[in-house]
Amino acid sequence: MIKRTTPVCAVMLAIAMLPNVGARTFQRLPEPIFADTEVSTNVAMRAWGENARQFSVTLQFDATPSNNVQVAFGTDESPDGNLSDEEAGLTLGWDCGEWFIASADATNRFTAAPAGIETRKELRLPMNLGADGLPRALELTDGTTPLAFAGLDLSPPPPAWMFSKDWNLLKVVARGTDAQNETVTVELSNDAIILLLR
């Protein structure tokens, strides 16, 4: 998860990519050096496995008029360790007072109004994957309230661009003069089956 307690101070990062038990990466976001207050970090994603059936993202933060928080997923084709806008296949987050989700195609940017007026926001994206690594079903919610993104059809199966088994990098970007206090949790896991025999 990513936690930031002040607008410009260091951010503790712990993103878990969990196959079964999981691995964690800890690092700090740099302090902003430009007037736009932008800070970002890149985190390597664990490789997709043939048994992976669940991909989920949860983004929590304090939404104020100045805050913008987003997480992007893609393939670092350069490879320079930085996920550029051109390499991002899926970007989602909060901007200008509303949720957004976008594909690599600049014309595919969809927005949704928040579910309420609370400052603390939570975007959830749980997704089921097929054996081929393509999305089978997903739901986008603001807390527990389903979100409707204008022009985006999420009925099964959702658009193929919403997940790729080739993704190997994610990038978190935060901007704003207020404390975002963001937490980002990303999980790629197997669909476990338990058999009890007596």
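Calculation criteria
Residues numbered from 1 in each chain as written. Predicted model: local features only at pLDDT ≥ 70, side-chain atom pairs only at ≥ 80, totals over all residues. Heavy atoms only, no water. Helix = DSSP H or I, 4+ residues; strand = E, 2+ residues; numbered from the N terminus. Buried < 20%, exposed > 50% of the residue type's maximum accessible area, 1.4 Å probe, protein only. Contact = heavy atoms within 4.5 Å. Areas by Shrake-Rupley, 256 points an atom, 1.4 Å probe, with all protein chains shown as cover. Polar contact = N/O pair within 3.5 Å; in protein donor to acceptor, adjacent residues only side chain to side chain. Core = buried A, V, L, I, M, F, W, Y, C linked by side-chain atoms within 4.5 Å. Pairing = 2+ DSSP bridges. Axes fitted to C-alpha atoms, helices over the stretch in contact; angles between N-to-C directions. 1 Å grid on protein atoms, 1.4 Å probe; cavity = no way out; pocket = protein on both sides within 12 Å on 5 of 7 lines; lining within 4 Å. Points joined across faces, edges and corners; volume = space filled by probe spheres on them. Nonpolar A, V, L, I, M, F, W, Y, C, P; charged D, E, K, R; others polar. Phe/Tyr/Trp six-rings, centres within 6.5 Å; stacked < 30°, edge-to-face > 60°. Lys NZ or Arg CZ within 6 Å of the ring centre and 35° of its normal. pLDDT = per-residue confidence, 0-100. Salt bridge = Lys/Arg side-chain N within 4 Å of Asp/Glu carboxyl O.

Engineer: Where do I start with the overall build of the chain in this structure?
Structural biologist: Helix and strand counts for the chain come out as zero helices and 15 strands. Out of the 198 residues belonging to the chain, those deemed buried represent 44%. Nonlocal contacts in the chain, meaning residues at least 24 apart in sequence, comprise 64% of its contacts between residues at least 6 apart. Carbon and sulfur atoms make up 54% of the accessible area of the chain, which amounts to about 10200 Å² in all.

Engineer: Teacher, can you tell me more about the side chain of Asn67 here?
Structural biologist: Within the fold, Asn67 resides in the loop between strand 5 (52–62) and strand 6 (68–74). With relative accessibility at 2%, the residue Asn67 sits in the buried group. Side-chain polar atoms of Asn67 contact the side chain of Ser66, separated by 3.4 Å. Ignoring any residue separated from it by four or fewer positions in sequence, one finds Asn67 in contact with Phe61, Asp62, Trp94, Arg175, Gly176, Thr177, Asp178, Ala179 and Gln180.

Engineer: Is there a simple way to think about the environment of Thr58 in this case?
Structural biologist: Tracing the backbone through its elements, the reader meets Thr58 in strand 5. A relative accessible area of 22% places Thr58 in the partly exposed class. In this structure the C-alpha to C-alpha distance between Thr58 and Thr141, which are 83 residues apart in sequence, comes to 9.7 Å. In this view, Thr58 contacts Glu122, Leu123, Arg124, Thr183, Val184 and Thr185; residues no more than four positions away in its chain are not counted.

Engineer: Where do I start with the nonpolar core in this structure?
Structural biologist: Side chains of nonpolar character tend, in soluble globular proteins, to be buried together. Counting 37 residues, the largest nonpolar core has Phe55, Phe73, Ile101 and Phe149 as the members making the most contacts within it. Of all the secondary structure elements, the ones that give two or more residues to this core are strand 5, strand 6, strand 7 (88–95), strand 8 (98–103), strand 9 (109–112), strand 10 (120–129), strand 14 (169–175) and strand 15 (183–190). If we ignore the near neighbours within four places in the chain, the residues touching Phe73 are Met45, Phe55, Val57, Leu83, Glu87, Ala88, Gly89, Leu90, Trp167, Leu169, Leu170 and Val186.

Engineer: Help me understand the sheet that holds strand 4 (residues 39–44) in this model?
Structural biologist: Within a sheet, neighbouring strands are paired by backbone hydrogen bonds and run either parallel or antiparallel to one another. The strand order across the open sheet built from six strands is 4-14-6-7-8-9, with neighbouring strands paired in antiparallel fashion. Each edge of the open sheet carries a strand with a single partner, namely strand 4 and strand 9. Geometrically, the sheet is characterised by an average inter-axis angle of 15° between neighbouring strands, direction not taken into account.

Engineer: Before we go on, may I ask you to explain the layout of surface pockets in this structure?
Structural biologist: The probe, sized like a water molecule, is rolled over the atoms to show the empty space still left. Taken as a whole, the largest pocket spans an internal volume of roughly 380 Å³. Along its surface, the largest pocket is lined by 23 residues, and Gln70, Asp85, Ala88, Thr91 and Ala102 are the ones closest to its centre. Those elements that provide at least two residues to the lining of the largest pocket are strand 6, strand 7, strand 8 and strand 14. Of all the elements, strand 6 adds the most residues to the lining of the largest pocket, at four residues. Class assignment for the residues of the lining of the largest pocket results in nine nonpolar, six polar and eight charged.

Engineer: Looking at this model, I keep getting lost on the packing of aromatic side chains. Mind explaining?
Structural biologist: Within the structure shown, the criterion is met by nine aromatic pairs. Site record: aromatic cluster; members linked through ring pairs are Phe55, Phe73, Phe163 and Trp167. In this arrangement the basic side chain of Arg109 is found over the ring face of Phe100, its NZ or CZ atom lying 4.3 Å from the centre.

Engineer: Sorry, what's going on with the confidence of the model for the chain here?
Structural biologist: Do not read the fine detail of predicted coordinates wherever pLDDT is low. In the predicted model, the chain carries a mean pLDDT of 81, and 79% of its residues have values of at least 70. Long-range and interchain partners of residues 1–28, a stretch whose pLDDT sits below 50, account for 88 contacts in this model, where long-range means more than four residues apart.

Engineer: Help me understand the side chain of Asn42 in this model?
Structural biologist: Mapped onto the fold, Asn42 is located in strand 4. Among the polar contacts made by the side chain of Asn42, one reaches the side chain of Asn82 at a distance of 3.0 Å. Within the local environment of Asn42, its side chain forms a polar contact with the backbone nitrogen of Leu83, the two atoms lying 2.8 Å apart.

Engineer: I'm lost on the pattern of salt bridges in this one. Help?
Structural biologist: Two side chains carrying opposite charge are able to pair once their charged atoms lie near each other. Summed over the entire model, instances satisfying the criterion amount to five salt bridges. Linking Arg124 and Glu122 is a salt bridge whose minimum nitrogen-to-oxygen distance equals 2.8 Å. The exposure class assigned to Arg124 is partly exposed, which follows from its relative accessible area of 35%. Its relative accessible area of 14% is what places Glu122 among the buried residues.

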